[in-house]
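# Chains, contacts and geometry: an overview
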Amino acid sequence: MPHSPQEKKRVLARVRRISGQCGALERALEAGADCAPVLQQIAAIRGAVNGLMSEVMEAHIREEFGPATISDTQRAERVSELAGLVRSYLK
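This write-up is about the structure you can find in this document. All of these numbers come straight from a predicted model, not from anything done at the bench.

Let us now look at the overall build of the chain. Within the chain one finds 3 helices and 0 strands. The N-to-C order of helical and strand elements in the chain reads α-α-α. For the chain, the C-alpha radius of gyration of 17 Å lies well beyond 12 Å, the compact-globule estimate for 91 residues. A principal-axis box enclosing the C-alpha atoms of the chain has dimensions of 60 × 25 × 15 Å. Sorting the 91 residues of the chain into buried and exposed places 24% on the buried side. Taking the contacts inside the chain whose residues are at least 6 apart along the sequence as the reference set, 55% of them involve residues at least 24 apart.

This next bit is on the pattern of salt bridges. Enumeration over the complete set of coordinates arrives at 2 salt bridges. In this structure, Glu55 engages Arg10 in a salt bridge whose closest nitrogen and oxygen atoms are separated by 2.6 Å. With Glu55 in helix 2 (residues 35–64) and Arg10 in helix 1 (residues 5–30), the pair connects residues that are 45 residues apart, well separated along the chain. The salt bridge involving Glu55 is made with Arg14; its shortest N-O contact spans 2.6 Å. Here Glu55, found in helix 2, pairs with Arg14, found in helix 1; they are 41 residues apart in sequence, far enough to count as distant. Using a relative accessible area of 14% as the deciding quantity, one classes Glu55 as buried. Taking the relative accessible area as the measure of exposure, Arg14 reaches 26% and is therefore partly exposed.

Conventions adopted
Residues numbered from 1 in each chain as written. Predicted model: local features only at pLDDT ≥ 70, side-chain atom pairs only at ≥ 80, totals over all residues. Heavy atoms only, no water. Helix = DSSP H or I, 4+ residues; strand = E, 2+ residues; numbered from the N terminus. Rg over C-alpha atoms; globule rule 2.2 N^0.38 Å. Buried < 20%, exposed > 50% of the residue type's maximum accessible area, 1.4 Å probe, protein only. Contact = heavy atoms within 4.5 Å. Salt bridge = Lys/Arg side-chain N within 4 Å of Asp/Glu carboxyl O.

See below:
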C-alpha cells in the first residue's frame, strides 16, 4: 500500500478514474451500445486496473525489498529491475 501522501493521492485518483470508466461502461451497456465501443471501454478499464496494480506493487516492492545492507544505488537498481519485470508481466 502506498504510504506517502503523494503516492496515496495518485493511487486514489487512479481508482476514481477506474470507477468513472466502469460507470461509463455500465451506461453504455444499459443503452445498448455497439460491441466495438464496449470492447474498447473494457480494454481501457483493464489497462487502468493493470496500471493501478503496477503502481501499488511497485510501492510494496520499494518498501519490502532491498535489504539495508546494500547501497541506495544497488537497492534502487533492484527495485527498478523487479518493477520493470512486473510491469511487463501486466501488459
